[in-house]
Amino acid sequence: MAEPAEGDTPLIEFRAVAKVYGSGEAEVRALAGVDLAIHRHEFVAIMGPSGSGKSTAMNIIGCLDTPTSGDYLFDGIPITGLDRRQYTLLRRHMLGFVFQGFNLLPRTSAVENVELPLVYRGMPQRERRQRALAALAQVGLERRADHQPSQLSGGQQQRVAIARAIVTEPAVLLADEPTGNLDTRTSREIMDLVGALNRDRGITVVMVTHEPDIAAYAKRVVRFVDGRIESDERQEQVAA
Amino acid sequence: MFTETLKLALHAIRRNPLRSFLTVLGIVIGVAAVIAMVTIGNGTTVQVTERLSALGTNVLFVRPGQFGPGRASNEAKSFTWRDVDAMRSQVAGVSAVAPVSQSTATVIYGGASRSTTVVGSTSDYLVAQNRIVASGRGFLPSEERSGAAVCIVGDTVREKLFGSASAVGERMRLGSFSCEVIGVLERKGEGGMGQDQDDMALIPLRTLQRRITGSTGISAISVAVRSDVSTTKVQGELERLLRERRRILPGREDDFSVNDMAQIVATMASTTTLLTGLLGAVAAVSLLVGGIGIMNIMLVSVTERTREIGIRLAIGALEGQVLTQFLVEAVALSIFGGVVGILLGLALAWGAVTAMSVPFVVSVPIVALAFGFSALVGVVFGYFPARSAARLDPIEALRHE
C-alpha cells in the first residue's frame, strides 16, 4: 500500500480532543488536548501504560464515548455533538470492533455471531448467511460455522470476532488488545490475519496494545503518556 | 427483523426453561383459575337453564315475598284456598292452578325407610309441573276435598321402598300416618339445581296441611298458561288480582312475586354476574403478582446479560432494537404463561364438569381476554427492564463481568 498522499482528508482526525471524567477534586483528565490524524489504509498501533488515555482515545474513535472538548472528524466531517442514535449508526456502518475478551454471544453459533451486525442492518436471512459464511472463510473458519464459542479455542473465538467485525465491510477495524487473552503462537496467527486484512483489503486498522511485538505488526505506532501523545512514529512492519 | 427478535426471545427463554417456567407460574395459576372457574360456571349455568326451560316457559310461579339479589324474602303472608279459586275463576287463559306446599317426612314400607320431600298439591300439579302418572291413578276430587290419606310416589321412592314389587295399592307409612299408594310418577331425572325430582311423594294439599304442617297457608302457586295466551298478560292479571286480594295500597310494593322461568333464569344469571366480577378481581390480583414476577426476572436477566447488551450496542444495535428485544421476550414469556394457564384451566374445568356431569362450555371471549391480558402484563411489566437494558452505556456494559 502506498503511503497516504499529503493533503488527503484523514479518515479519523482529533483536533485538541480532551476528555475529563468527574469534577472538582475527583477530576481526572484522561485526554489533555490530543491532535491525531489517521488516513485510509493505515495500520496504527496505540500504545502506552494504563491510565495513559489510550483506551479513552480508542472509545472516542469507536464512537462509544464523546470528547469533553475539541473535535472529532470522521472522513472530514465533525461528529462531535451527534446524538446516541447517530453514533450507533456510525458504528453500524463504518466501524468493526474486536475486543480483548472476544465478546461473542454465548450459546450462539459462530455463523450467527458473525451475522449479528447484519441482523441490525435489516439484511435478509439468505444474504446474511452467505456473507457471514464468506467472512468466516476469510478467517479460515468455514468448517466451524456451527460451533458455539464454548466449543472453540481462544484463537478461533477471536477469528470469529474478526469475521463479525469485517462482515459489514467497515472503513475502520478497531482492535482493543486483540491478543491480550492469547498465547504467543496464536497471537501471531491473529496478527497475521489482521495484517493481511489491512494489506489485502485496505481496511484501516487502529489497534490498542501494550505488547511491543504485537505493535511491531503496525506501520505506525502512537504512544500515549498522561493523556498526551508522547511519540508518533512510522516503522517497518514485521514480515507477515 | 421481527422474526429475528422473536427468535432471539424464544432462544433466551429456552436457555433457562425451569426459570422461565417459574417466572410465569403466577400468570399460569391466575389464568388457569379464572378459565377453570368461568368454564365450570358456564357449564352449570347452561345446564340449569336447559333444565329450567325444560319445565316449560308457560308456567308462572307465584310466591309470597320478593326474591332476587339484594332483596331478602321478607315475612309475607302465604296464600289461601280462596286465592287459588279466584285465580282459576277470574284470570282468563290459565289451564291449571296448582297450590303447592312442601315438607319433609320419613316414608316407611316393610323394612325400608327413606326421608323424602312431601309435596302437597292438587291434580293440577301434574299439569303445571308437566308430570305424568306412569301407573295407578291421580287424585280424585273427593280425595282432594277431604284430605284423604292417599299418595302418588316418585320413582326413586318406589324403587327404594318397593324394589321390583308393585307399589300401587300398598299402604306405607308417611310421617305419622299411614297412606295408600295410588300411583307412581314417571321418572323425570335431576332438576335445575341438581336435585332428584323423583325423590318425592305427592299428597293432596289438605292432607299435608292437616296431617303434617298443621297450617292452612299455601306457600306457592304454580299457574300453567294456555299456549295460545300471552304469559305476560296473565302475569299482569295475576299481579293485579293478588294486589287487590292482599289489599296492597297503590304505590306500595308487592309482597308477593309472579315469575316465569325466564325471569328465574335471569335472577340466577345476575348472581353469576356477581360471581364473575369477583373472579375478575381475583384474576387482576394474580396477574399483577404474575407481572411483578416477570418484571423481577427480566431485571435479573438484564443484569446477567449486561455484557451481551454491550456487544449488541457496540456493533450497531439501536436503543429501540434492544428495547424491542427485551420487550418481546417479556411478552413471549407472559403469553407462554397465559397459554399454559388457559390449557391448564380448560383441563381442570373439563375434569370437574365431567365429574359433575355438567356440559363443557368454553367461553371464547374469556379465553381471548385471558390471552390478551397476559400479553398486556408482559408489555406493562417488561417495559421498565427493557428500557433499562436499552439505555445501558456500551462501554460500561462491555466492561461488566
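Residues numbered from 1 in each chain as written. Chains lettered and ligands numbered in written order. Predicted model: local features only at pLDDT ≥ 70, side-chain atom pairs only at ≥ 80, totals over all residues. Heavy atoms only, no water.

Peer 1: Describe the overall build of chain A, listing the residues and the values that go with them.
Peer 2: A count of helices and strands for chain A gives 7 helices and 10 strands. A compact globule built from 240 residues should have a C-alpha radius of gyration of about 18 Å, and chain A, at 18 Å, falls within 12% of that. Taken along its principal axes, the extent of the C-alpha atoms in chain A is 50 × 40 × 40 Å. Here chain A holds 240 residues, and the buried ones make up 54% of them. Per element, the accessible surface of chain A, about 10700 Å² overall, is 45% carbon and sulfur. (Helix = DSSP H or I, 4+ residues; strand = E, 2+ residues; numbered from the N terminus. Rg over C-alpha atoms; globule rule 2.2 N^0.38 Å. Buried < 20%, exposed > 50% of the residue type's maximum accessible area, 1.4 Å probe, protein only. Areas by Shrake-Rupley, 256 points an atom, 1.4 Å probe, with all protein chains shown as cover.)

Peer 1: Run through the overall build of chain B, naming residues and quoting values.
Peer 2: Along chain B, the regular secondary structure elements total 13 helices and 10 strands. By the compact-globule yardstick of 21 Å for 401 residues, chain B is too spread out, its C-alpha radius of gyration being 32 Å. Expressed as lengths along the three principal axes of its C-alpha atoms, the size of chain B is roughly 105 × 55 × 35 Å. Within chain B, buried positions represent 47% of all 401 residues. Within chain B, contacts between residues at least 6 apart in sequence are counted, and of these 78% link residues at least 24 apart. Working note: accessible area of chain B is about 18900 Å², and carbon and sulfur atoms make up 60% of it. Positive and negative side-chain charges in chain B, numbering 37 and 32 respectively, have mean positions lying 3 Å apart. (Contact = heavy atoms within 4.5 Å. Lys, Arg positive; Asp, Glu negative; His and termini not counted. Charge placed at Lys NZ, Arg CZ, Asp CG, Glu CD.)

Peer 1: I'd like a rundown of the packing of aromatic side chains, residues and numbers included.
Peer 2: Tallied over the full model, the rule gives 3 aromatic pairs over all chains. Relative to F99 of chain A, the ring of F97 of chain A has its centre 5.9 Å away and its plane inclined at 5°; by these criteria the two rings are stacked. Of the two residues, F97 of chain A and F99 of chain A, both sit in the buried class. When the ring of Y109 of chain B is compared with that of F162 of chain B, the centres are 4.3 Å apart and the planes differ by 45°; the resulting orientation is tilted. Here F162 of chain B lies in helix α6 (residues 155–162) and Y109 of chain B lies in strand β2 (residues 94–109), a separation of 53 residues in the sequence. R211 of chain B extends its terminal NZ or CZ atom over the ring of F177 of chain B, reaching a point 5.0 Å from the ring centre. (Phe/Tyr/Trp six-rings, centres within 6.5 Å; stacked < 30°, edge-to-face > 60°. Lys NZ or Arg CZ within 6 Å of the ring centre and 35° of its normal.)

Peer 1: Go over the sheet that holds strand β6 (residues 95–98) of chain A with me, naming the residues and quoting the values.
Peer 2: Residue and element names in this part refer to chain A. If you trace the 6 strands from one edge of the open sheet to the other, you get β6-β7-β8-β3-β9-β10, paired in mixed fashion. Every interior strand has two partners, whereas the edge strands, β6 and β10 (228–234), have only one. Within this sheet the neighbouring strands show an average axis-to-axis angle of 15°, counted without direction. As paired elements, strand β9 (residues 220–225) and β10 share 6 bridges and run antiparallel to each other. Residue pairing across strands places V222 opposite D232, the latter belonging to β10. Helix α1 (residues 54–61) contacts β3 (43–47), β6, β7 (172–176), β8 (204–208) and β9 of the sheet and is inclined by roughly 150° relative to β8. Here helix α2 (residues 84–94) sits on the sheet and contacts β6 and β7; the angle it forms with β6, its principal contact strand, is near 80°. (Pairing = 2+ DSSP bridges. Axes fitted to C-alpha atoms, helices over the stretch in contact; angles between N-to-C directions.)

Peer 1: Let's hear about the nonpolar core: which residues, and what values?
Peer 2: By size, the foremost hydrophobic cluster in this structure holds 67 residues, and its most contacted members are F14, Y72, F74 and V206 of chain A. With 9 residues, helix α11 (residues 319–356) of chain B is the single largest residue contributor to this core. Look past the residues within four positions of F74 of chain A in its chain and what remains in contact with it is L11, I12, I79, L90, M94, L95 and V172 of chain A. Listed in part, the 42 residues of the second largest apolar core include V94, V153, M172 and V184 of chain B. (Core = buried A, V, L, I, M, F, W, Y, C linked by side-chain atoms within 4.5 Å.)

Peer 1: Please give an account of the packing of helix α5 (residues 154–166) of chain A against helix α6 (residues 184–201) of chain A that cites residues and values.
Peer 2: Residues and elements named next belong to chain A. Running from N to C, α5 and α6 point in directions that differ by 20°, and their axes come no closer than 10 Å. Taken together, the axis directions place α5 and α6 in an arrangement best described as roughly parallel. Along this stretch, α5 crosses α6, giving a crossing that reads as right-handed. Taken together, the residues of α6 that come into contact with α5 (itself represented by G155, Q158, R159, I162 and I166) are T186, E189, I190, L193, V194, L197 and R201. (Parallel < 35°, antiparallel > 145°, perpendicular 65-115°, else oblique. Left-handed = near helix turned anticlockwise from the far one by under 90°.)

Peer 1: Please provide a residue-by-residue account of the sheet that holds strand β4 (residues 69–74) of chain A, values included.
Peer 2: Residues and elements named next belong to chain A. Reading across the sheet, the 4 strands line up as β2-β1-β4-β5 and stay open at both edges, with antiparallel pairing between neighbours. Lying at the two open borders of the sheet, with one neighbouring strand each, are β2 (28–38) and β5 (77–78). Across 2 bridges, β4 lies against β5 in antiparallel orientation. Its bridge partner lying in β5, F74 is registered against I77.

Peer 1: Tell me about the pairing of β4 of chain A, residues and numbers included.
Peer 2: All names here are of chain A. Bridge count for strand β1 (residues 12–21) against β4 is 5 bridges, and the pairing is antiparallel. In the strand pairing of β4, I12 is matched with F74. Taking the residues that link successive antiparallel strands as the turn, the β4-β5 hairpin has 2 residues, and the phi of D75 there is positive, at about 55°.

Peer 1: How would you summarise the packing of helix α3 (residues 110–120) of chain A against helix α4 (residues 125–138) of chain A if you had to cite specific residues and measurements?
Peer 2: Residues and elements named next belong to chain A. Two elements in contact, α3 and α4, have axes whose closest approach is 9 Å; the angle formed by their N-to-C orientations is 120°. In terms of orientation, α3 and α4 fall into the oblique class. Between α3 and α4 lies a crossing whose hand is right-handed. Contacts between α3 and α4 pair A110, V111, E112, V114, E115, L118 and V119 from the former with Q125, R128, R129, R131, A132, L133, A135 and L136 from the latter. Split into classes, the residues belonging to the contact of α3 with α4 amount to 9 nonpolar, 1 polar and 5 charged. (Nonpolar A, V, L, I, M, F, W, Y, C, P; charged D, E, K, R; others polar.)

Peer 1: Explain the UniProt feature "transmembrane region" (unreviewed entry) in chain B to me, and be specific about the residues and the numbers.
Peer 2: Residue and element names in this part refer to chain B. UniProt's entry tags residues 21–41, 278–302, 323–350 and 362–384 with the feature "transmembrane region" (unreviewed entry), counted in the numbering of this structure. Split by type, residues 21–41 is 100% helix and 0% strand. Its first and last C-alpha atoms lie 28 Å apart. A helix fraction of 100% and a strand fraction of 0% characterise residues 323–350, whose end C-alpha atoms lie 40 Å from each other. (UniProt positions renumbered as here; feature names shortened; annotations may be inferred.)

Peer 1: Tell me about empty space enclosed by the protein, and name the residues and values.
Peer 2: Under the defined criterion, the tally for this structure stands at 2 cavities of 30 Å³ or more. Of the pockets and cavities examined, the largest cavity occupies roughly 70 Å³. Taken together, R91, R92, L95, G96, F97, P117, R164, A165 and T168 of chain A together with A314 and I315 of chain B make up the lining of the largest cavity. Only α2, β6 and α5 of chain A provide two or more residues apiece to the lining of the largest cavity. Element by element, the count of residues in the lining of the largest cavity is highest for β6 of chain A, at 3 residues. Taken together, the residues that form the lining of the largest cavity break down as 6 nonpolar, 2 polar and 3 charged. (1 Å grid on protein atoms, 1.4 Å probe; cavity = no way out; pocket = protein on both sides within 12 Å on 5 of 7 lines; lining within 4 Å. Points joined across faces, edges and corners; volume = space filled by probe spheres on them.)

Peer 1: Before we move on, can you summarise the pattern of salt bridges with the specific residues and values?
Peer 2: For side chains bearing opposite charge, pairing can occur when the charged atoms are close. For the structure on display, the rule yields 33 salt bridges over all chains. E42 of chain A is paired through a salt bridge with R220 of chain A; the nearest N and O atoms lie 2.9 Å apart. Linking E42 of chain A in the loop between β2 and β3 with R220 of chain A in strand β9, this pair joins segments that are 178 residues apart in sequence. Taken as a pair, E42 of chain A and R220 of chain A share a single burial class, namely buried. Put simply, R199 of chain A and D200 of chain A hold a salt bridge, and the shortest N to O gap is 3.5 Å. You can call D200 of chain A exposed: its relative accessible area is 56%. Look at the salt bridges and you will find they share partners, linking R131, D155, R158, E159, R187 and D198 of chain B into a network. (Salt bridge = Lys/Arg side-chain N within 4 Å of Asp/Glu carboxyl O.)

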